[in-house]
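# Coordinates in review
The chain contents come next:
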Amino acid sequence: MLEYEEKWIEAWKKDRVFEADRDVSREKLFVNAPFPYMNGPLHIGHAFTYTRLDAYARYRRMKGNNVLFPFAWHWTGEAVAGQSVRLKKGDPAVIKAFVEIDGIPPEELEKFTSPYNLAEYYTRVSREALYKLGLSIDWRREFFTTSYNKGFSKFIEWQYLKLKEKNFVVKGSHPVVWCPSDQSPTGDHDRLEGEGVSPEEFYLVFFKMDEYFLAAATFRPETIYGATNVWILPEGEYVKAKIDNIKLVISRESLTKFIEQERNVKIIETFYGKELIGKECVVPLAGHKIPILPASFIDPAYGTGIVYSVPAHAPYDWLALRDLQMASTEKLKEIAAKIKPISIIKVEGFGEYPAIEIVEQMGIKDQNDKQAEKATEIIYSKEFHTGVMKENCGILSGMPVREAKNKVIETLIQQGLGDKIYDLPQIVRCRCGTRCIVKILRDQWFLNYSNPEWKDRVRQHVKTMKILPEEARAWIYATVDWLNNWPCTRKTGMGTPLPWDKEWIVETLSDSTIYMAYYIVSKYVNSGEIESEQMTKEFFDYVFLGEGKIEEVSKKTGIDVNILKNVREDFLYWYPVDLRNSAKELIPNHLTFFIFHHVAIFPKEMWPKGISVNGMITIEGKKMSKSKGIFTTISKEIRKYGADVVRAALIYGAEGMDDPDWNENIAKLMEQKIASLFEFVNEIREISSYREKDFPEKLLLAEVKNMILLVEKNLEQMKTKTAFQIAFFDIPNVIKRYLRQVSVPEKDTIEEVLEYWIKVMAPFIPFTCEEIWHLIGRQEYISLEKWPALKVSEEDSRVLFEYKLIEKLLEDVKEIKKLTKTEPKTLYIYVAAQELTKTFLKYVAYIEEGLTTKEAVKKIYEEIPKNLIGSVPQLIKLATTLEKNLLNEVRKIEDFDEYQVYDKSKEYLEKETGMKIRIYYSDEQDKYDPKNKAKNALPLKPALFLE
RNA sequence: GCAGGGGUUGCCAAGCCAGGUCAAAGGCGCAGGGCUUAGAACCCUGUCCCGUAGGGGUUCGUGGGUUCAAAUCCCACCCCCUGCACCA
């Protein structure tokens, strides 16, 4: 961290530069970012998101907006608490992370067995880091979440009562991956095996056998008419049990599933699978009898440990059948030999028996061959999407497979011949090693995101929002569509108890949806003007919704009427949120929830106006990972490089949804560039010559103005990288070019440009710009200066246009010189005859009026002076190849005289080329043209001769 | 699998939505030159191929198509990244 950075932090703090209060004379802008979760110090990725937002906030502040950028801390959830618990247990990984990565002194570890102390510690160091990063935050509104903050809890209680009132919070049950040993849900990160696996619905089909039903599990109930036998594992344990009101046979291991999925289970008898082999059962709906046979691919823990066999369409079934026919006891062989696959699905690309065909094609050996899995997938997908049920399928005949599936399961359940149960499609093991099952959690509270009206209102609003980059909008829509009911409460961790059911705590993604409104209130809580106990339902109803009479609310809450009035007016002034910036990973959850809840609770005019997202940082090209040590904190990098270097390196890393990379090279580069800024500025300041502004000065101003407008345009779109590139690289490049061009720079111009330049860099590297600003003798804070209000005038555009012509000419000269490898002394320029240019412009106009090329050509042949007639073909070609911009510029200028352009800049041209310049019109009589070049002259492209 | 994003010249990365301004910005790297006692920094020039007159050729994941014209539009395919719910 640099000395001057420390100085400005203190100065900004002392003079309350970024504290924003209601001021109706100025247009407000309310920006924020999701509060960070306080289970660790802020990392460099946080800095990226915040710096981008800060650059925007600073820019808009300079543009004259009253900008509010508040900040807070998220403590809610299980992670902080979990870490404390693991610390208490002495988990070496946690201790290592605390000490080595987070920099906690070992002797202080003890006190972090309290989650409060832990969160409080991280909050303290994080606040410090953000100060140092130079974020233009109004810290008076800071708060943290959970019941440790009474006021915030009051707010969440109000929010959830409101949601409940409107029926957006509902009670329900839902399936989770569950560890029977830990007695808790097993999230992805808690798994030894089976990452990404989630509960899926299996269908149970009941095959009658005596007074019991064999409950076969399947994903493909529509294949029931093709069943030829049932498979069981001979050495597997099975039970006869009464489940709810039906007597079923299932594997012993699958029993827990039924129990955890809220079924009433009574075991009647346990036995081994082999006892059933050779018996028969009845295929539901179809009615025919089929045998029960052994198969080794059966996993008793998967489904019910019973499946029915459809050898025509299921590769595994065909393989098992084939295995059985080949090697087994005589009796089984006999039974197996009698079984003929039944073809029931017509699918393009396959014949009668798709399963048999694919097994042969892929050369699959037996049911234990790994390839069988793949074959199953191929057949399933093909049949499901394009298959049609054949005529032998009873009620399903003629239906597309996808419809048949729903129809059959509906019918089976209706007739008591089927059921649904959740299971895991792959093995999932908890960290403790136990195999997980699916459990139905009862009495859980849900945010009713599946409510179609709610969704629709959200969609309608998203349509009107500013979403940056635009590509993110599709993702938000997709999320709104996909979102289902969200379990919004937990039993463990920190947070606010659900007001009407206090054993539940509002979970972390659900207590962070409208808290931006609380920033308005927290200022008064922090100053002591309002006590948390005073924040009753009436208070929030009044402040946020304008409900109730102020006097009554005042009486009820004990809050002074004036204070109430101020809070309410503050809210009306600052709300809604104008821009919320975050990493893109929050789109599928937080950012979408944020919209949902605003739509649910607030009146329309308070719904958020804009969202912007950015990529996720990598470190030296690798994905960030604390456990792998690919991790660095904001404080560490600031200590190493200084705040502006960190800001610049991050901003220059990426924009849009691209992922920036944090690496030493870019930091080092920025370090050098920022250091040399001071030298450059000093160099410029030594200039002390005043004189008439000439072409180079006008050009410089025009270019800089143009670039500043581009910076604005890009910043408005949160294209912070592009904006920074222009401000930080492109502008100094044109200044340098100017200094090279003129023998004596002009002081007024250079000072004006310098002022603009420092200002437009200020949003990105505020410390450095503040320092330079004062070095050049300014007294005010650049952070509060007015952004240059500029407009590119007609003269400016003309200057830019003329310069473009000159540049083109110089390029041509350079190329000719390069090719001829000569050192010519004189440059002869033959400007296209004015008549030629006029004809050219006429031609362009004709085409524009809608004439065909042929007609237009004919007309200009009639109009052009005879001596220029030879140039017509090139003119036509030029019309299609000339830059549109240039063309438009020429057309804007009345009586455009190209000769003047070069003549005016003769001195500059001579300086750049080192040659004497002679200029002629191409149709001039007395011109020097030994190589007869003049005839090649075209509008905006003079012919040249070097000698 | 579903959803979202992406594949550009040595590297990073603009451009693509609104086709011609594109051999394609900028940065890095590399080469040459300047500054300097020397180096670093800084500044300038060059950086797809060919060409002794401003030209030509071949490039933007792969293969097709539309068009006078495609990095940009359409179709198919391949590859990469991210998210997918009781983690935050």
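It should be noted that the structure appears before, not after, this text.
Read on for an overview of the structure. The structure presented is a predicted model; accordingly, all values stated were derived computationally and were not measured. Residue positions are given per chain, counted from 1 along the sequence in the order it is written. Ligands are numbered from 1 and chains lettered from A, in the order in which they are written. The model is predicted, so local features are restricted to residues of pLDDT at least 70 and side-chain atom pairs to those at 80 or more, both for listing and for counting; the totals for chains, interfaces and linings are taken over all residues. The side-chain figures draw on all heavy atoms in the structure; neither hydrogens nor water molecules are used.

## Brief notes about the overall build of chain A
A tally of regular secondary structure across chain A gives 33 helices and 31 strands. The principal-axis extent of the C-alpha atoms belonging to chain A is close to 115 × 80 × 55 Å. Buried residues in chain A amount to 56% of all 947 residues. Here Asp and Glu are counted as negative and Lys and Arg as positive; His is not counted, and neither are the chain ends. Each charge is placed at NZ for Lys, CZ for Arg, CG for Asp and CD for Glu. Across chain A, the mean location of the 135 positive side-chain charges is 2 Å away from that of the 143 negative side-chain charges. Strands are runs of DSSP state E lasting at least 2 residues, helices are runs of H or I lasting at least 4, and numbering of each runs from the N terminus. Throughout this description, buried means an accessible area under 20% of the type-specific maximum (1.4 Å probe, protein chains only), exposed means over 50%, and partly exposed covers the range between.

## Some thoughts on the packing of aromatic side chains
Pairing of aromatic rings covers Phe, Tyr and Trp, the last counted by its six-membered ring, and requires centre-to-centre distances within 6.5 Å; plane angles under 30 degrees mean stacked, over 60 mean edge-to-face, and any other angle means tilted. Summed over the entire model, instances satisfying the criterion amount to 66 aromatic pairs. Put simply, a charge is over a ring when the Lys NZ or the Arg CZ is close to the ring centre, within 6 Å, and near the line of the ring normal, within 35 degrees. Against the face of Phe271 rests Lys240, its NZ or CZ located 5.7 Å from the ring centre. The ring of Trp504 has Lys491 lying over it, and the distance from NZ or CZ to the ring centre is 4.3 Å.

## What to know about helix H4 (residues 92–101)
Taken together, the buried positions of H4 are occupied by Val94, Ala97 and Phe98. The buried residues of H4 occupy an angular sector of 95 degrees when projected down its axis, which confines them to one face. The exposed residues of H4 that point more than 90 degrees off its buried face are Pro92 and Glu100. Elements in contact with the buried residues of H4: helix H3 (79–88) and helix H5 (115–133). For H4, the side-chain oxygen to backbone nitrogen distance between the N-cap and Ala93 is 2.9 Å, and the N-cap itself is Asp91. Phi for Gly103, located one or two positions after H4, is positive at around 70 degrees. Within this analysis, the arc is defined by the directions that extend from the helix axis to the C-beta atoms. Residue contacts follow a heavy-atom distance rule, with two residues in contact if any of their heavy atoms lie within 4.5 Å. Two N or O atoms form a polar contact when they lie within 3.5 Å of each other; inside protein one atom must be a possible hydrogen donor and the other a possible acceptor, and for residues adjacent in sequence the pair counts only when both atoms belong to side chains.

## Some remarks on the sheet that holds strand S2 (residues 66–68)
Strand pairing is defined by DSSP finding a minimum of two bridges between the two strands. Taking strand neighbours across the sheet as the criterion, the five strands line up as S2-S1-S24-S25-S20 in an open arrangement whose pairing is parallel. On the outer flanks of this sheet lie S2 and strand S20 (466–468), each paired with one strand and no other. Each strand axis lies, on average, 15 degrees off the axis of its neighbour in the sheet, ignoring direction. Sheet topology note: the strand S24 (residues 579–583)/strand S25 (residues 610–614) ladder contains four bridges and is parallel. Pairing of Asn581 across the sheet is with Ser612, part of S25. Between N-to-C directions, angles cover 0 to 180 degrees, with each direction set by a line fitted to C-alpha atoms, over the stretch in contact for helices.

## Some points on the protein's contact with RNA strand B
Working definition: residue near molecule or strand if any one of its non-hydrogen atoms lies within 4 Å of it. With respect to spatial proximity, 53 residues lie near RNA strand B, and among them Tyr37, Glu78, His174, Leu509 and Lys736 are the closest. Counted by atom, the contact set of RNA strand B within 4 Å of the protein is 57% sugar and phosphate. Arg740 is positioned such that a nitrogen or oxygen atom in its side chain is 3.5 Å from a phosphate oxygen of RNA strand B. Per-element tally for the surface near RNA strand B: the top contributor is helix H24 (residues 720–741), with seven residues.

## As for the packing of helix H22 (residues 664–685) against helix H25 (residues 747–761)
Two measures define how a pair of helices packs: the angle their axes make with one another and the distance between the axes. Relative to each other, H22 and H25 sit at 155 degrees, their axes nearing to 10 Å. In terms of orientation, H22 lies roughly antiparallel with respect to H25. Note that H22 runs across H25; the crossing there is left-handed. On H25, the residues touching Leu677, Phe680, Val681, Ile684 and Arg685 of H22 are Lys747, Ile750, Leu754, Trp757, Ile758 and Met761. We call Asp, Glu, Lys and Arg charged. Ala, Val, Leu, Ile, Met, Phe, Trp, Tyr, Cys and Pro are nonpolar, and the rest, Gly among them, are polar. When grouped by side-chain class, the residues that make up the contact of H22 with H25 number nine nonpolar, no polar and two charged. Our angle categories are set so that under 35 degrees counts as roughly parallel, over 145 as roughly antiparallel, 65 to 115 as roughly perpendicular, and the remainder as oblique. It is the rotation of the near helix from the far one that decides the hand of a crossing: anticlockwise by less than a right angle makes it left-handed, clockwise makes it right-handed.

## A word on the side chain of Asp796
Its location among the elements puts Asp796 in helix H27 (residues 794–820). Ignoring sequence-local partners within four residues, the contact set of Asp796 consists of Ala702, Lys705 and Lys791.

## Notes on helix H29 (residues 853–863)
Among all positions of H29, only Ala856, Val857 and Ile860 are buried. Each buried residue of H29 sits inside an arc of 100 degrees when the element is viewed along its axis, so together they form one side. Exposed residues pointing more than 90 degrees away from the buried face of H29 are listed as Lys854, Lys858 and Glu862.

## Describing the sheet that holds strand S29 (residues 826–831)
In space, the three strands of this open sheet follow the order S30-S29-S31, with mixed pairing throughout. Among the strands making up the open sheet, the edge pair consists of strand S30 (916–921) and strand S31 (943–946). When strand polarity is set aside, the average angle formed by the axes of neighbouring strands in this sheet is 20 degrees. Sheet topology note: the S29/S31 ladder contains four bridges and is antiparallel. Bridging from a neighbouring strand, Tyr828 pairs with Phe945 of S31. Packing against the sheet, H27 makes contact with S29 and S31, and its axis sits at approximately 40 degrees to S31.

## What to know about the nonpolar core
By size, the foremost hydrophobic cluster in this structure holds 110 residues, and its most contacted members are Leu130, Trp662, Trp757 and Ile758. Excluding residues within four positions of it along the chain, Leu130 makes contact with Leu42, Tyr50, Phe71, Trp73, Leu135, Ile137, Trp139 and Ile634. Here the nonpolar core consists of buried residues drawn from Ala, Val, Leu, Ile, Met, Phe, Trp, Tyr and Cys, with membership extended through side-chain atoms lying within 4.5 Å.

## A few points about a negative patch on the surface
Each patch is built from residues that are more than 30% exposed by relative accessible area and take part in no salt bridge. Like charges join if they lie within 9 Å; nonpolar side chains (Val, Leu, Ile, Met, Phe, Trp, Tyr) join within 5 Å. Areas reported as accessible are Shrake-Rupley estimates using a 1.4 Å probe. Residue values count occlusion only from the protein chains shown. One side-chain nitrogen of Lys or Arg within 4 Å of one carboxyl oxygen of Asp or Glu is enough to make a salt bridge. A contiguous patch of negative charge, built from Glu3, Glu6, Glu10 and Glu128, is present on the exposed surface. No other element matches the three residues that helix H1 (residues 3–14) contributes to the negative patch. Counting through the fold element by element, Glu3 comes out in helix H1. Taking the relative accessible area as the measure of exposure, Glu3 reaches 72% and is therefore exposed.

## Things to note about the packing of helix H16 (residues 537–545) against helix H17 (residues 550–557)
Where H16 meets H17, the closest approach of the two axes is 9 Å, and the angle between their N-to-C directions is 150 degrees. Classified by chirality, the crossing of H17 by H16 is left-handed. Of the residues in H17, those in contact with Glu538, Phe539 and Tyr542 of H16 are Ile550, Val553, Lys556 and Thr557. Of the residues assigned to the contact of H16 with H17, the class counts are four nonpolar, one polar and two charged.

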